[in-house]
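Below, each chain spelled out in residue letters.
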Amino acid sequence: MRELKERAGLTYRQLEERAAEHGGVLPRSTLADVLRGRTLPRPELLTAFVQACGDGERVAQWLAARDGLVRGEGTAEKGPDPRRGVRVHLGARVFTAPVLLASVVLVALLAAAVWALVSFREDGGSKGEGGGGLAAADARSELPEGHVQIRPALANGLCLTDGHSSRYKSLVAAQRPCDEVAPQETTLVPLGGNTFRIRWYHPDHGSGCLTALVEGPGSGLLEPWDDCGKTTPFRIAPAGPDGSLRYSLRVDGRGCVAIGDADTSEGAEAVVEPCRPKDSQVFVIRSAR
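Below, the structure is looked at part by part. (Residues numbered from 1 in each chain as written. Predicted model: local features only at pLDDT ≥ 70, side-chain atom pairs only at ≥ 80, totals over all residues. Heavy atoms only, no water.)

Quick look at the environment of Ala182
(1) Moving on: Position of Ala182 relative to the elements: it lies in the loop between strand 5 (172-177) and strand 6 (185-192).
(2) Moving on: Since its relative accessible area comes to 34%, Ala182 is described here as partly exposed.
(3) Moving on: Sequence-wise, Ala182 and Arg28 are 154 residues apart; in three dimensions their C-alpha atoms are separated by 8.9 Å.
(4) Moving on: Discounting chain neighbours no more than four positions away, the residues touching Ala182 are Ser29 and Asp33. (Helix = DSSP H or I, 4+ residues; strand = E, 2+ residues; numbered from the N terminus. Buried < 20%, exposed > 50% of the residue type's maximum accessible area, 1.4 Å probe, protein only. Contact = heavy atoms within 4.5 Å.)

Printed below as a string of structure tokens:
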């Protein structure tokens, strides 16, 4: 897959846009994990990738090669030509399916352990100094420093990151699985008081800050803009008891950020709507480290 991407000469963003033109979904962060050998591609993601790279006529062969890896038939050993199989790279080595699947199981177990620890802390477990939580004990007075996760309160395991909208062509803020966000990073840029810009950084696409669109087909959506100086300041206010990590994201004169229709499904868009005391306008903000 790496070789096919290199042949196509396309960036992650271009691949994502091409996939969308074919009606497919190809999240940049998920593709980056696949190309790093962290996970085996799902059939639909592999199909979207191959079509975006201009090799759509061989989708069936690519899917067959993937299925061979899952069954442990070792198609990864057939050579460097990506049209003959899916080569799965982990660092500088190439692993066949049994080793890959064992690695995936190990990663899943580690992820479950980390998630259990995080859930314990969010439910009121001991944070301790240097535990990787808030920069100060009082969540009302100080937000996490460095890279953060912004998690919709209603959607367990989902984070606010880039996604596609059914009514707007450009990327917008949406909720997707937190483990698919990397390598994109989210940072809160302080502007004074409790006002911040929400900045995204991706190693392939640079930095961009969210702005609340006020007109056109994307009105109410949050779009990343390259020029952060022209983007929306968000006033971040506590939306729960001390230490709960729960906040509202307010746009002065416009309203509050929410997940539209309180949707808990993957891909649901973030929108700006009148502020109301409801959980769809509440986000858990915690350190991503």
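Here we look at the state of the cysteines
(1) Moving on: Within this structure, the stated rule accounts for 3 disulfides.
(2) Moving on: Residue Cys159 pairs covalently with Cys178 via a disulfide, S to S 2.1 Å. Residues Cys159 and Cys178 are joined through a disulfide that is right-handed, its torsion about the S-S bond being 95 degrees. Remark: Cys178 occurs in the loop between strand 5 and strand 6 and Cys159 occurs in strand 4 (residues 158-163); sequence separation between them is 19 residues. Judged on exposure class, the residue Cys159 and its partner Cys178 are both buried.
(3) Moving on: Two residues, Cys256 and Cys275, share a disulfide whose sulfurs are 2.0 Å apart. Residues Cys256 and Cys275 are joined through a disulfide that is right-handed, its torsion about the S-S bond being 95 degrees. (Disulfide = S-S within 2.5 Å.)

Describing unusual backbone geometry
The phi torsion of most residues other than glycine is negative, and most of the peptide bonds are trans.
(1) Moving on: A cis amide bond links Ala182 with the next residue in sequence, Pro183, at an omega value of 10 degrees.
(2) Moving on: The phi dihedral of Leu245 falls on the positive side, at around 70 degrees, and the residue is not glycine.
(3) Moving on: Topologically, Leu245 is positioned in the loop between strand 10 (234-238) and strand 11 (246-251).
(4) Moving on: With phi around 60 degrees, Asp261 is a residue other than glycine that occupies positive phi space.
(5) Moving on: Along the chain, Asp261 turns up in the loop between strand 12 (255-259) and strand 13 (270-273).
(6) Moving on: Taking relative accessible area as the criterion, Asp261 reaches 79% and is therefore assigned exposed.

Observations concerning the nonpolar core
(1) Moving on: Counting 24 residues, the largest nonpolar core has Ile150, Leu188, Leu222, Leu249 and Ile285 as its most contacted members.
(2) Moving on: For this core, the elements supplying multiple residues, two or more each, are strand 3 (147-152), strand 7 (195-202), strand 8 (206-212), strand 10, strand 11, strand 12, strand 13 and strand 14 (283-287).
(3) Moving on: Apart from the residues within four sequence positions on either side, Ile150 is in contact with Cys159, Leu160, Thr186, Leu188, Ile198, Leu249, Phe283, Val284 and Ile285.
(4) Moving on: Listed in part, the 20 residues of the second largest apolar core include Leu4, Leu15, Ala19 and Val59. (Core = buried A, V, L, I, M, F, W, Y, C linked by side-chain atoms within 4.5 Å.)

Quick word on the pattern of salt bridges
(1) Moving on: Summed over all chains, the structure comprises 10 salt bridges.
(2) Moving on: Ionic pairing is found between Arg42 and Glu180, a salt bridge with its closest N-O pair at 3.8 Å. Separated by 138 residues along the polypeptide, Arg42 in the loop between helix 3 (28-35) and helix 4 (43-52) and Glu180 in the loop between strand 5 and strand 6 bring together distant segments of the chain.
(3) Moving on: Classification of Glu180 as buried rests on a relative accessible area of 11%.
(4) Moving on: Residue Glu180 is joined to Arg176 by a salt bridge in which the shortest nitrogen-to-oxygen separation is 3.5 Å. Per residue, the accessibility class of Glu180 equals that of Arg176, and both read buried.
(5) Moving on: What emerges from the salt-bridge pattern is a single network uniting Arg42, Glu44, Asp162, Arg176 and Glu180. (Salt bridge = Lys/Arg side-chain N within 4 Å of Asp/Glu carboxyl O.)

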